[in-house]
Structures are given as C-alpha cells and as structure tokens.
Amino acid sequence: MTEFWHRCRFFLVTLIVLLALNGLVARLVYLHFRLGGGAERNTRLMEVRRLEADLLVSRGKIYDCRGNTLALDVVKKEVCADPFLVVSNNCAKAVAENVARLLKADSGGIYERINQPQRRFVYLGGYGRTIDGEAAARLEGMKLPGVFLRDMMVRSYPQGRSLCHVLGYVNFDLSRAGAGGVEQKWNAYLHGVQGLLISELDGRRRELYDRRVLEVRPRQGADVTLTVDYYVQYVAERALENAVRENRATAAWAIVERVKTGEILAMASFPNYDPNNFRNEAAEAMRNRCVSYVYEPGSTFKMAVVAAALNEGTVSSSQTFDCENGTWIYNRRPLHDFHPYGVLSVADIIKKSSNIGAAKVAVLLGDKKLYQYLRAFGIGRPTGIELPGEECGLLHPLPEWTSLSVTRVAIGHEVAVTALQMLQVLCSIANDGVLMQPHIVRRVTATDGQVLFEQKPKIAGRPIRPETALEMRRLLERVTEEGGTGCRAQVEGYSVGGKTGTAQKAVKGGYSDVLNMASFTGFIPVDDPQVAIIVVLDEPKAAIHTGGVVAGPVFRDIASEIVRYLDVPPNTTAVAEGAKTEDKSQI
Amino acid sequence: MANKNRKKRIQGFVIPMPVVVILITAMALLLAYIGLDVRSKALGAKIKSLELQQAELQRSYDLELWKWEKMKSPSNIEKMLSQNSCAMVWPAEGNIVRLRDPEAIATVAADYKPQLAQASRSGKPAFHD
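Residues numbered from 1 in each chain as written. Chains lettered and ligands numbered in written order. Predicted model: local features only at pLDDT ≥ 70, side-chain atom pairs only at ≥ 80, totals over all residues. Heavy atoms only, no water.

J.: Just checking my understanding: could you explain the sheet that holds strand S25 (residues 497–507) of chain A for this structure?
T.: Pairing between sheet strands relies on hydrogen bonds along the backbone, with the strands arranged either parallel or antiparallel. Residues and elements named next belong to chain A. In spatial order, the strands read S14-S13-S27-S26-S25; together these five strands make up an open sheet with antiparallel pairing. Each edge of the open sheet carries a strand with a single partner, namely strand S14 (264–270) and S25. Ignoring which end each strand starts from, the neighbouring axes of this sheet average 10 degrees apart. Of the strand pairs in this sheet, strand S13 (residues 251–258) and strand S27 (residues 531–538) are connected by eight bridges, and their pairing is antiparallel. Paired with Val256 across the two strands is Ile533, which belongs to S27. (Pairing = 2+ DSSP bridges. Helix = DSSP H or I, 4+ residues; strand = E, 2+ residues; numbered from the N terminus. Axes fitted to C-alpha atoms, helices over the stretch in contact; angles between N-to-C directions.)

J.: I keep staring at the packing of helix H4 (residues 92–103) of chain A against helix H5 (residues 107–114) of chain A and nothing clicks. Help me out?
T.: In a pair of packed helices, the angle between the axes and the distance between the axes together describe the arrangement. Residue and element names in this part refer to chain A. Axis separation between H4 and H5 bottoms out at 8 Å; the angle between their running directions is 130 degrees. One element, H4, and the other, H5, form an angle in the oblique class. Crossing angle aside, the handedness with which H4 passes H5 is right-handed. Of the residues in H5, those touching H4 at Ala92, Lys93, Val95, Ala96, Glu97, Val99, Ala100 and Leu103 are Ser107, Ile110, Tyr111 and Ile114. Considering only residue class, the contact of H4 with H5 consists of nine nonpolar, one polar and two charged. (Parallel < 35°, antiparallel > 145°, perpendicular 65-115°, else oblique. Left-handed = near helix turned anticlockwise from the far one by under 90°. Contact = heavy atoms within 4.5 Å. Nonpolar A, V, L, I, M, F, W, Y, C, P; charged D, E, K, R; others polar.)

J.: What is the right way to look at the packing of aromatic side chains in this model?
T.: The relation between two aromatic rings is expressed through the spacing of the ring centres and the mutual angle of the planes. Residue and element names in this part refer to chain A. Within the structure shown, the criterion is met by 14 aromatic pairs over all chains. When the ring of Trp186 is compared with that of Phe453, the centres are 5.0 Å apart and the planes differ by 55 degrees; the resulting orientation is tilted. Pair noted here: Trp186 is in the loop between helix H8 (181–185) and helix H9 (187–191) and Phe453 is in strand S23 (residues 451–454), with a separation of 267 residues, a long-range link. Since its relative accessible area comes to 8%, Trp186 is described here as buried. Counting every residue linked through ring pairs, the aromatic cluster contains Phe121, Tyr123 and Phe148. (Phe/Tyr/Trp six-rings, centres within 6.5 Å; stacked < 30°, edge-to-face > 60°. Buried < 20%, exposed > 50% of the residue type's maximum accessible area, 1.4 Å probe, protein only.)

J.: Whenever I open this one, empty space enclosed by the protein confuses me. Can you help?
T.: Once rolled over the atoms, a probe with the size of a water molecule shows which space is left empty. Residue and element names in this part refer to chain A. All told, the structure shown has one cavity of 30 Å³ or more when counted by the stated rule. Approximately 30 Å³ is the volume attributed to the largest cavity. What lines the largest cavity is simply Leu163, Cys164, His165, Val166, Gln233, Glu237, Met267, Ala268, Ser269 and Asn272. Listing elements by their share of the lining of the largest cavity, those giving two or more residues are helix H7 (164–167), helix H10 (230–247) and S14. Taken together, the residues of the lining of the largest cavity break down into five nonpolar, four polar and one charged. (1 Å grid on protein atoms, 1.4 Å probe; cavity = no way out; pocket = protein on both sides within 12 Å on 5 of 7 lines; lining within 4 Å. Points joined across faces, edges and corners; volume = space filled by probe spheres on them.)

J.: Would you mind going over a nonpolar patch on the surface with me for this structure?
T.: Residue and element names in this part refer to chain A. Together, Val13, Val17, Leu18, Leu21 and Leu24 give the surface a local cluster of nonpolar side chains, amounting to about 450 Å² of exposed area. Residue position: Leu18 is located in helix H1 (residues 2–32). Judged by its relative accessible area of 45%, Leu18 falls in the partly exposed class. (Patch = residues over 30% accessible without salt bridge, like charges linked within 9 Å, V, L, I, M, F, W, Y side chains within 5 Å. Areas by Shrake-Rupley, 256 points an atom, 1.4 Å probe, with all protein chains shown as cover. Salt bridge = Lys/Arg side-chain N within 4 Å of Asp/Glu carboxyl O.)

J.: What should I look at first to understand helix H14 (residues 355–365) of chain A in this one?
T.: Each full turn of the α-helix corresponds to 3.6 residues, which orients residues three or four apart in the same direction. All names here are of chain A. Taken across its eleven residues, H14 has nine buried, putting it largely inside the fold. Turning to H14, its buried residues are Asn355, Ile356, Gly357, Ala358, Ala359, Lys360, Val361, Ala362 and Leu365. Following H14 by one or two positions, Gly366 adopts a phi angle in the positive range, close to 95 degrees.

Right under this line is the structure:
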C-alpha cells in the first residue's frame, strides 16, 4: 500500500511539473509568435517595443580668424513636470516655491502651470528656458515628485553681446533655424542634417542594439570661420560704447576693414543685444546698422567727388576755387559753408571741408561723370557682403537729378549710403584705386576637414587710377594735420588719412538744425595703408557735435590700439622724432 | 546445452551511432549559436554604452569649451585685471625693435640672445614681424 502511494505521489508531482512547464512553453510560443489577440494587439505590441528617434545634431561652430569660438551648441537642462503626479502627491505649492527659487521666477506663474492635473507634461520655466549644471544638480537633489529635467540643445555665444549683429541668433523652435547675421545667411551650412534611428526596446525601455532596423547617421553642421578678429571687435565695441555715453548719442557703429583684401576685421553697432537671451531685446537693438542703416554721408562724400574730378583731370589739387566767403547762390538757392572761406585750393577744400568748394568741383565735373564715378565706387548698390538685410543705399538715376542735385550730392546730401559703402569708397582710394569685394566669411569647413567654401580676395572694380589714388591719399592725410577738420584722429607715430563728415538729418519738411550724423572715415598708415575704419555717431548731443570732434577721437582710440595689435609698422620719421623727444626729456 | 552468457546481451534500447552524432553536432551548433548570440549582444551593449559615453564626452567638451571661451574673452580678462588692480599697456614704440631682414635676424639673434624677452623652447629667439 505504501509503495503504491509513493508511486502515485511521484507521478503526481511529475505531472504537476510537466503541466507547469507546458504552460510556460505554451505562453512563450504564444508571445513569441504573437498568436491570438488579432492584428490590433500585435500592432500595439510592436508600437510599444518600437523605437523611432531623430538623432539630434548640433549646428556647426562659428570661429573668428584666430580660431576663437564665437558660437557653439551646448546641452542644457529644461525643467519639466508631470502635473498629474505633482497634484496627486499634494505638493503643487511646495514644488512651485522650490522651482521658482531656483529659476528666479514668479512662484504664482509656476503654480498655475503645475495646477493642471489633466495634463501630463508642462515646461516649468517656459519653453526654451534652461538652467546650468549646478542648478540642475541642486534640483535633482531636491527630489521633487513629478519634476524632471530634459536635455535641450541650446545655441550659446560665449562672448555675450560682442559681435551679436554679425553672428545673429538661432530660433528656439524645432527647426533651429538661424535668424539674423551669419546664423541666418549661412544656415544651410551650419544647420547640418538630422539622423534617424529605428530599433526596438527591451523591458526596461533600453534600446536593443542588435534589433536596429535603420540607422541614418546625422551629418553635423559645417563650421564657419569669419574674417573678424574678436580682439579688434572688442576694441571697436568698447570705443563705441564710450563715445555713445560721452556724447549722449542715440546710436553708433563702426567697421574695420583690411584695405588690401577687403576682409572685415570688426563690425560693431551700438546699441547691441544679448543673442543668448534675444527674446527680451528691443527690435531696434537687433539691427546691424553697419549694413542696414542708410544715411546721408555729408562731407565724407567729398572725397569721392574730388577723386572723380582728379581722375578725369577736370581739376588739379593745386587749382583754386573761390569759396564765396561762406555763401554761394547757385540756381537761386544758397549753399553755405560751416566756416566762411575765401579762395581755397582743391587740397584745402578737402582739408577744410568746404561745401562750396566741393560743389564747384562737382559742377566742373558735370552730372553725368559724377554719376558714373559714384556708380563705379559702388554707391547705390549692395556691396554683396555675406550678411542678411544689406541695404543698397540711394543714388537717384541721372534723369531724376535736378539742376541743384550736382551741388547737393557733392556734399553728401540727396544721396544715402550704408557705412560699409562709404568705407568701400575710402578703401579703393587707399588701395591704389582697386575696389575689393568686402567679405566677412573666410571659410566653411565640414567636420571631416573638407573645405566647402573659401573666400579669396576678389577685385570688385577699379574706379580710379593708381596715380589719382596716391594723390587723394596725400590730400586726405592733410585732413588730420594741424588746421584740418580731422586733427583729433591723429595716432601717435602713424600717419593717418581720412575725412570727417557732419550731415544734418532729414526730418519732415527739410533738414533738422539740431539732429545730425557725425562720422569719420580714415585709413592708417598713409604710406602703406593696412586698415580702414569708419565711425558713425547718430544724433550726438555734445556741445560741438561735428564729425571731427565726435567721431575723430573714436577713430583714434580704435586705430591706435589695433595698429599695435596687428603689428603695423609706424612711420620711420615719426618714430625717430618720438625717440629724440624722449632722449631730450631724459636729458 | 550450455547456458547463454546473460551479460553479453544488450538490455533495453540502444541509440544508433548516427543519431548520436547528429545529436552531438546539433548540440554543438546550438551551443555555438548561443555563444555567438551572447557575444554579439555583449558587443552591441558595449557599442551602445560607448556611443552614449562619446555623446556625453562631446557634451562635456562643448560645455568646457564654452566656459573657457567665456573666461578668455577680452572683456572678461579686462574685468579680471581691473579686479586685481592690474593694468596692461602696449610698450612704447621706442622700446620695440623690429627685425625684418632674415639675415639681420640671424646675426642679431646670436649677439642679443640673452636680451630677448621671448625665446622659444628650442632656445632660438622668437620675433614678431
């Protein structure tokens, strides 16, 4: 009996184990071959396990000419929450207060965002508001229920406000398209191509590498190298900021260009904005005035007129003109000089900046020739610099000129230019009459080192002969000598050539007696020009607000530092004189 | 009649040799398959973790680069200098010696080597030209 019972027990246990194993095998077969439940269940299963992710790619970096990084992508953290979880834990208020303290935001607003239990996802700081690593670590340490961090690729500009108008910024939306500056114009290169990954997940929601169905590698954006030198840029920006403060000007802008190549070394505009936080900035501050603001250049324009007349041979630099003691009636309309002058040579017309003298030179040259030369200098058409929003300026077609136009254009009125166009005129004079194509992007390089684009110095035209250019350089050098309008632009040890400009601003019904544009355009050194600089101040409110008094010193501040930085050799005579003075003082 | 040797008789069912060979081969193949599968899975996991590590390193590199660029920006350097009551100025023109002729550089370098402020690691003086 006992033996029988033992046998029964053995078979029973074996049967149970076998049944259990059969059940497991059946379940495995059922799950593995996805039997039963119909297509809907299978699809749901597939969806749960399927991973389809866009492989994020960072935008290319932007470098200055010395390889300093000006813009790059960094991963920062966004504070997000699951309101359902937070509310169900009864800690909405505590979470709001803690997060508000961390984000330095209003706790009421955050509480409103959290207190929506029907939602499963909200951005606590608002979309695009990120926190740094330290703050993220602190938040994680708090262990707030339902609050979590999410990675976000953010475009960062380590130099802050510096170079903001040239660089532009990147939108926060998913396309991450560049807006403004190089970011916009070179978006096609900088943006890169997103990748795609299709794979499966395991029970812990980890990707199974061996189940990858498709993997399209992302193509990172190409890097853009600018011609800008960020130290030169810094010097220009600092000088502009000081000038705006001292002269209580509305705005100011400056460009530094290499005369022989057309490379832009600095392009500064004030007021500026922070591209890291562009959403809180005024639209007016985001305007790159160097290329998108047209103004009547005033007396700086006289150099183009005199250069044209000298090139045509209608005048010589020693030829004299009667400057009518300050008032000249031409076609029954008066034209005034700032200071009354008698008879002046062409050289002195430039040095003293006589309106009447310049107008008489232009009349002698004639409408048609003047127009042709101005077109040849690039007035009235965009320079083609690789930045968005460039204005082409204003030069009326010849048939639209009145009988007075020739005298008004000669003094920089009835014509509007951008600062870059004005600088181009000066550069062609400083560069033996050769107009170079201005450019701000030097190279675009793919991540594998392949050069996708390279800008070489390009000749854009030859408006005047080299001899005329040389003569003009000598005339412009006199402007910064004693008795010239630009003597405040002198740089110790260097010869400077340039032209001052003070233009009344056009207002409704005529020209303002109070508001003006003060500018100085110059190059350094005169014998072998290396860099040309233009400085423009909008509505300076200093007691004397002429270009020579207001903009000349800004030119000097910028030029005196960058010639040292760029190691431009000084004039030999000037150095020798300086050394002698030093020796005498020591004795 | 002698009794049959009972020990020489084969008791029960004997699996034929070919079947044994087939079974052993199948087992070997199965083990090899399992081994390869485990190995490929391990490699996959390693690749995955290296991918994640690379992405993480790239992120930290970019972050450090960003911090470094911020630190060495001219405005920050100037701020730091002023905080430490330091002021940097360019040397006076009279204190700068510019050597532009390569032959002159070679001659002068030998004579004035100890006086040159900047010298490269190789011991040769460095010139700004």
